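Spelled out from the first residue to the last, the chains are:
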Amino acid sequence: MTAVSPQPVSRERKRISARAAGGALWLLAAPAFLLWLYWRSFRIWFREDDFPLLALARSVHSFHDFLHLMYVPYAQGTIRPLSERLPFLVSWHLFGADCVPLRIFVFLTAAADLTLIAILGRRLSGSQLAGTAAALIWSASASLMVAMTWNSAYNEVQYPLFLLGALLLFIRYAATGERRFWWWQLAVFAIGFGSLENNVVYPGIAVAWTLLVETRAKWKRLLASTIPLFALSAAYSALHLWIAPAPKTGIYAVRVDARIFATLWEYWRWAFVSPEWVAHGFARSQARVVLVITMAAVAGFVAWRAYRRRPAALFGVAWFAIVISPLALLPDRHTEYYLCAPVIGLALAAGWAFSAAWERGWALRVGAMAIAGAWLAGSIPAARVSARVFADDSTISKNLVLGVVEAHRRHPAKAILLDGVPQAGYDAVVYEGGFRTFEVPDVYLAPDERKIIQPEENDVTYDGAFVDPAVVRHALSEQAALVYDFSPGHLKNVTKWYADSAAAYFPDSAPAWVQVGNPLYGYLLGPEWYPTGNAVRWMPGRATLRLAGPRSAAAHIVITGYCWDQQLARGPVHIAVSADGVDLGSAEMRGPEIRFEKSFGLAPELIGRKSMNVELRAWPLTSVGGRNYGVMVESVEIR
């Protein structure tokens, strides 16, 4: 018998395999670099805006709840089921308080962005080096720092996936003429609306690619194919504005005026050199030099290509201008992570410029390496320090919230007072309702924390987060509260020591401000009040409380609370106030605003009294379930 020798592997097959392996390594370069920059981000926990989103996710117990979560407008009227609602929903219901899987998901999304950027850069320039360089530049951009370290900013790395994916399918359609690629592009584009409203800019990107990259012979067919895309963007914008009208005031209000140009210029500068460089130790003078050099290098390359009648290099700049354009209409809201998607365009241009310089001899190679090195010298430390700082701050958030959860589990009937909480803990947890998210009620800051914690402008949480010293003294004497010190970085029970100090130093008197819905203030209320609920109490037609007397003739008694909208729909609601039998007047509440704040002058004979008995009367009453309801009272205060 004759032995049959194996078929030799062809050289062509070996070359194809080697090329494929080399291409895979090129694509992996940027994700590996990103991992090196942000490996600390995997230990980041929930903080700030994460807690309201997590609370929404925790509220889902049925399919109806799920639909409500996905499509009801949230903060600033946003509807982002894919980037804000779904990730938190899946994370909580599968992994609970463990945030690591969510952090891995964020990284994988950014890695997918980098892969598509590398592919697009290669398709734009014809150079593998250009595509990889573009991806590396984007991964080092300071615009990613917040998105890579804050769960709530996940949308900024998710929605570029839809822009890039749709464009690459459009390019495939342009190359082959096969309609299936156009339809796949349409599907990806449409799904992108569930990630971020800025997805509406995609048709402009498709037009820019057509005019700057494709041949004139294809213009008519490709431009016509973008008409349905523009129609879809217009329809989505109209529907979104109908469901959730744009704010007319505040930092998210749209403004069309000369400030657009200042906003664009600021974002343009930030795209090259971040203010975070200086914040993390880079010299301001050096940052200015790098800004001028990098901006000149990219602009010079684009201008040179345009002069040579090769306008494709303009596509990166066009991408930046198109994607940033809606954000230019928000002159009062500038933030660097908004640049995540726009900077992709400049990364494409810079990556191509680097590749072109590399192919033209050692002199230009050295120059390109010097410029890239100077830019990375500012970008890399800023990214790594940012990841470390956010990871450390996240440890504060995690230890504070989970420590309180455990304390509440052990002592469910007692209020919790926190001492030693730093400003970072207040900002990351207390301000955004982190304890309420984990269903822990009655958590407050100790009175001395006012010396440490500084509120932001219009901080409605601040005052309600503290308890009056006299109320703390009473709660501790009645063993209704526990005190924990967080200064070591974890909770330490210091109730006994704190109770002794409170008995010695805190006053034994009525406070000047009664938080009616706070159970710790319950001893100051008369028996007429209904049980507390969500920081307020319903009163019947008449209710009483004890309050400190005024110290000056300028003082007023201020009552805050809410009326039912059903009450106001039937006509005005009235409230009258008296103190120690002295009538202080009445006030009227009308719709459509349900919240009220009413001020009443105080009689001269009340001045200087240690305390006084305050009587509130409300009418007309609403009868529900055999009870008569007046108004919901939040607080009564002497100002």
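Residues numbered from 1 in each chain as written. Predicted model: local features only at pLDDT ≥ 70, side-chain atom pairs only at ≥ 80, totals over all residues. Heavy atoms only, no water.

Some remarks on the overall build of the protein
Thinking step 1. Summing up its helical and strand segments, the protein has 23 helices and 16 strands in all.
Thinking step 2. Overall, the C-alpha framework of the protein stretches about 110 × 70 × 55 Å when taken along its three principal axes.
Thinking step 3. Counting across all 639 residues of the protein, residues that qualify as buried make up 50%.
Thinking step 4. For the protein, contacts bridging at least 24 residues in sequence account for 75% of all contacts bridging at least 6.
Thinking step 5. Approximately 29,900 Å² of the protein is accessible, and the part contributed by carbon and sulfur atoms is 61%.
Thinking step 6. Of note, the protein has its 59 positive side-chain charges centred 14 Å away from the centre of its 48 negative side-chain charges. (Helix = DSSP H or I, 4+ residues; strand = E, 2+ residues; numbered from the N terminus. Buried < 20%, exposed > 50% of the residue type's maximum accessible area, 1.4 Å probe, protein only. Contact = heavy atoms within 4.5 Å. Areas by Shrake-Rupley, 256 points an atom, 1.4 Å probe, with all protein chains shown as cover. Lys, Arg positive; Asp, Glu negative; His and termini not counted. Charge placed at Lys NZ, Arg CZ, Asp CG, Glu CD.)

What about the state of the cysteines?
Thinking step 1. In this structure the tally under the stated criterion is zero disulfides.
Thinking step 2. There is no disulfide at C99, and the cysteine sulfur nearest it, in C340, is 18 Å away. (Disulfide = S-S within 2.5 Å.)

Examining the packing of aromatic side chains
Thinking step 1. Within this structure, the stated rule accounts for 33 aromatic pairs.
Thinking step 2. Plain terms: the ring middles of F63 and F66 are 6.1 Å apart, the flat faces sit at 25° to each other, and that makes the pair stacked. Separated by three residues within a single helix, F63 and F66 lie in helix α3 (residues 63–71), roughly one turn from each other.
Thinking step 3. You can call F63 exposed: its relative accessible area is 59%.
Thinking step 4. Aromatic ring contacts, followed pair by pair, group W45, F46, F51, F88, W92 and F438 into a single cluster.
Thinking step 5. Positioned over the ring face of F438 is R58, at 5.3 Å from the centre of the ring.
Thinking step 6. When the ring centre of W182 is taken as reference, the NZ or CZ atom of R179 above it lies at 4.9 Å. (Phe/Tyr/Trp six-rings, centres within 6.5 Å; stacked < 30°, edge-to-face > 60°. Lys NZ or Arg CZ within 6 Å of the ring centre and 35° of its normal.)

A look at the nonpolar core
Thinking step 1. Residues L167, Y202, I205, F315 and W319 are the most contacted members of the largest nonpolar core, which totals 102 residues.
Thinking step 2. Among the elements that line this core, the one with the most residues is helix α8 (residues 155–176), at 12 residues.
Thinking step 3. Among the nonpolar cores identified, the runner-up in size contains 52 residues, and A446, C563, F596 and M612 belong to it. (Core = buried A, V, L, I, M, F, W, Y, C linked by side-chain atoms within 4.5 Å.)

Here's the deal with the packing of helix α21 (residues 469–477) against helix α22 (residues 495–505)
Thinking step 1. One way to put it is that α21 packs onto α22 with a least axis distance of 9 Å and a crossing angle of 125°. As the angle between them shows, α21 and α22 are arranged oblique. For α21 against α22, the interelement crossing comes out left-handed. Residues V472, R473 and L476 of α21 pack against T495, Y498, A499, A502 and A503 of α22.
Thinking step 2. The residue inventory of the contact of α21 with α22, partitioned by class, reads six nonpolar, one polar and one charged. (Axes fitted to C-alpha atoms, helices over the stretch in contact; angles between N-to-C directions. Parallel < 35°, antiparallel > 145°, perpendicular 65-115°, else oblique. Left-handed = near helix turned anticlockwise from the far one by under 90°. Nonpolar A, V, L, I, M, F, W, Y, C, P; charged D, E, K, R; others polar.)

Some points on the pattern of salt bridges
When charged atoms on two side chains of opposite charge get close, those side chains can pair.
Thinking step 1. Per the counting criterion, the structure on display carries 20 salt bridges.
Thinking step 2. E178 serves as the salt-bridge partner of R180, at 2.6 Å between the closest nitrogen and oxygen.
Thinking step 3. For E178, a relative accessible area of 32% translates into the label partly exposed.
Thinking step 4. Across the salt bridge formed by K218 and E214, the nearest N and O atoms sit 3.6 Å from each other.
Thinking step 5. Among the charged side chains, a salt-bridge network with shared partners connects E528, R542, E615 and R617. (Salt bridge = Lys/Arg side-chain N within 4 Å of Asp/Glu carboxyl O.)

Considering the pairing of strand β11 (residues 582–589)
Thinking step 1. Examined bridge by bridge, strand β10 (residues 573–579) and β11 share seven bridges and lie antiparallel to one another. Counterpart to V573 in the pairing with β11 is M589.
Thinking step 2. Between β10 and the antiparallel strand that follows it, β11, lie two residues; D580 among them carries a positive phi value of about 50°. (Pairing = 2+ DSSP bridges.)

Re the pairing of strand β9 (residues 556–562)
Thinking step 1. Most of β9 sits inside the fold, with five of its seven residues counted as buried.
Thinking step 2. Where β9 and strand β12 (residues 595–601) come together, seven bridges link them in antiparallel fashion. Paired with Y562 across the two strands is R595, which belongs to β12.
Thinking step 3. Relative to strand β16 (residues 632–638), β9 runs antiparallel, the two sharing six bridges.

Points about the side chain of T263
Thinking step 1. By the secondary structure assignment, T263 is in helix α13 (residues 259–272).
Thinking step 2. The exposure class of T263 is buried, given its relative accessible area of 1%.
Thinking step 3. In this view, T263 contacts L327, A328, P331 and H334; residues no more than four positions away in its chain are not counted.

A closer look at unusual backbone geometry
Thinking step 1. For the bond from W619 to P620, the omega torsion is -5°, close enough to zero to count as cis.
Thinking step 2. Its location among the elements puts P620 in the loop between β13 (611–619) and β14 (622–624).
Thinking step 3. Phi at E439 takes a positive value of approximately 60°, unusual for a residue other than glycine.
Thinking step 4. Summarising the element assignment, E439 is placed in the loop between α20 (434–437) and β2 (443–445).
Thinking step 5. Note on E439: relative accessible area 56%, which makes it exposed.
Thinking step 6. With phi around 55°, Q479 is a residue other than glycine that occupies positive phi space.
Thinking step 7. Summarising the element assignment, Q479 is placed in the loop between α21 and β3 (481–485).
Thinking step 8. On the basis of relative accessible area, Q479 is assigned to the exposed category, the value being 58%.

Coordinates in, geometry out; function isn't part of it.
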